[in-house]
Amino acid sequence: MDPLQPLIDNLLSDGRPRVWSLVITVFGDSVQHRGGRIAAVRLNRLLGRVGIESGALRTALSRLSRDGWVEGRKVGRTSSYSLTKTGLAEFGPATALIYAPPPDRAEEVWTFGTTARPNALKVAGGWLSPGASSGRGFQITGSLGAHSAAEIWGNLDSDHAEALHKMAHDLSALTGLDLPPLEAAAARTLLIHRWRRLVLRFPTVPAELFPASFPVKNLHEAVAQTYARLSPAAEQWLDQGEGDMIAMPSASELWNLRFQTAVN
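**Some thoughts on the side chain of Arg34**
Residue placement: Arg34 occurs in the loop between helix H2 (19-31) and strand S1 (37-39). Here Asp239 takes part through its side chain, which lies 2.9 Å from a polar atom of the side chain of Arg34. If we skip the residues at most four places from it in the chain, Arg34 touches Glu235, Leu238, Asp239, Met248, Pro249, Ser250 and Ala251.

**A closer look at the nonpolar core**
The tendency in soluble globular proteins is for nonpolar side chains to be buried side by side. One finds Val23, Phe27, Leu47, Leu164, Trp195 and Leu219 to be the most contacted residues of the largest nonpolar core, which totals 71 residues. Contacts of Val23, omitting those with residues within four sequence positions, involve Leu43, Leu47, Leu57, Leu61 and Leu64.

**Some remarks on the pairing of strand S2 (residues 70-75)**
Bridging between S2 and strand S3 (residues 78-83) involves six bridges; their strand directions are antiparallel. Its bridge partner lying in S3, Arg73 is registered against Ser80. What sits between S2 and S3 in their antiparallel hairpin is a turn of two residues, with Gly76 showing a positive phi close to 65°.

**Details of helix H7 (residues 158-174)**
Its 17 residues place the ends of H7 25 Å apart at the C-alpha level, agreeing with the 24 Å of an ideal helix rising 1.5 Å per residue. When we look at burial in H7, the residues that qualify are His160, Ala161, Ala163, Leu164, Lys166, Met167, Ala168, Asp170, Leu171 and Leu174. The N-cap residue of H7 is Asp157: its side-chain oxygen and the backbone nitrogen of Asp159 are 2.9 Å apart. Following H7 by one or two positions, Gly176 adopts a phi angle in the positive range, close to 80°.

**Notes on unusual backbone geometry**
Its identity as a non-glycine residue notwithstanding, Phe259 has a phi of 65°, on the positive side. Within the secondary structure, Phe259 is located in the segment after helix H9 (219-239).

**Remarks on the pairing of S3**
In the case of a regular strand, side chains alternate between the two sheet surfaces. As paired strands, S1 and S3 are joined by three bridges and run antiparallel to one another. Paired with Ile38 across the bridge in S3 is Tyr81.

**As for the packing of H7 against H9**
Relative orientation and spacing of two packed helices are given, respectively, by the angle between their axes and the distance between those axes. Packing of H7 against H9 brings their axes to within 11 Å, and their N-to-C directions diverge by 35°. With respect to the hand of their crossing, H7 and H9 are arranged in left-handed fashion. Between H7 and H9, the residues in contact are Leu164, Met167, Ala168, Leu171 and Leu174 and Leu219, Ala222, Val223, Thr226, Arg229 and Leu230, respectively. Its residues placed into classes, the contact of H7 with H9 shows nine nonpolar, one polar and one charged.

**Here's the deal with helix H5 (residues 85-98)**
Spanning 14 residues, H5 covers 20 Å between terminal C-alpha atoms, matching the ideal 20 Å at 1.5 Å per step. Bending of H5 peaks at approximately 35° at the position of Gly92, with proline Pro93 no more than four residues after it. Inspection of H5 places Gly87, Phe91 and Ile98 among the buried residues, and these make up the whole buried set. Taken together, the buried residues of H5 touch H2, S3 and helix H8 (181-201).

**Details of the sheet that holds S2**
Read from one edge of the open sheet, three strands run S1-S3-S2, paired in antiparallel fashion. Taken across any chain shown, the strands that pair with only one partner, and hence form the sheet edges, are S1 and S2. Strand-to-strand, the axes of this sheet are offset by a mean angle of 25°, without reference to chain direction. Along the sheet face, helix H3 (residues 40-48) touches S1 and S3 and points at about 75° away from the line of S1.

What counts and how
- Residues numbered from 1 in each chain as written.
- Predicted model: local features only at pLDDT ≥ 70, side-chain atom pairs only at ≥ 80, totals over all residues.
- Heavy atoms only, no water.
- Helix = DSSP H or I, 4+ residues; strand = E, 2+ residues; numbered from the N terminus.
- Polar contact = N/O pair within 3.5 Å; in protein donor to acceptor, adjacent residues only side chain to side chain.
- Contact = heavy atoms within 4.5 Å.
- Core = buried A, V, L, I, M, F, W, Y, C linked by side-chain atoms within 4.5 Å.
- Buried < 20%, exposed > 50% of the residue type's maximum accessible area, 1.4 Å probe, protein only.
- Pairing = 2+ DSSP bridges.
- Expected span 1.5 Å × (residues − 1).
- Axes fitted to C-alpha atoms, helices over the stretch in contact; angles between N-to-C directions.
- Left-handed = near helix turned anticlockwise from the far one by under 90°.
- Nonpolar A, V, L, I, M, F, W, Y, C, P; charged D, E, K, R; others polar.
- Bend = angle between axes of the 7 residues up to and from the residue.

Below is the structure:
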């Protein structure tokens, strides 16, 4: 059985893949730290491994070019793509959120109020967010009671809960796998694509709010650990050339900071 099939099936369960979004994931995860440009043949090889056909990829690249996100270049018979200034401008905040390190301690102070704050969970007709707040409107600040986590989890938006379970599914499917370079690169792409969609769409649910029955005990930590485990082989594939697919430039040192706490 294809070791990536559970992840591919999970991707397809969301509906028809948004190939343009997968391309953006690849740029953020495998291109920007290696010179910012990827050959069409390599992009086709990588996304072809997860079932994306060449025609669908060409259509996605055409759309991204038309919308001002990527620009193509052709030298001889080799076509390649890079992000435009517009595309790059969108990357900074999103990249910082996607590759943020897992929290090193549980939240002790929470604020419940009538006004949404960044990273707030919608609960019981109001908004619950980590930390104290000095904002306006009705607010209560304090610690959570013993049974609060179960109540909060039980009242999560259904789409949010489903996205968390789908993330856990991919993590469980990758547990213990020792993948060769191309498979590792494809698996890492699907992992980060799922994680990217989760963290950019929904507020973070701290580990202490997950129920004991949830299949992954610390989702953020598990993503970071799985990413670290897949990366040596994935980066090896980016280093490799094969036929008309040339090796990519060496990775920048900033790549090593992904999911790591920066040291000043």
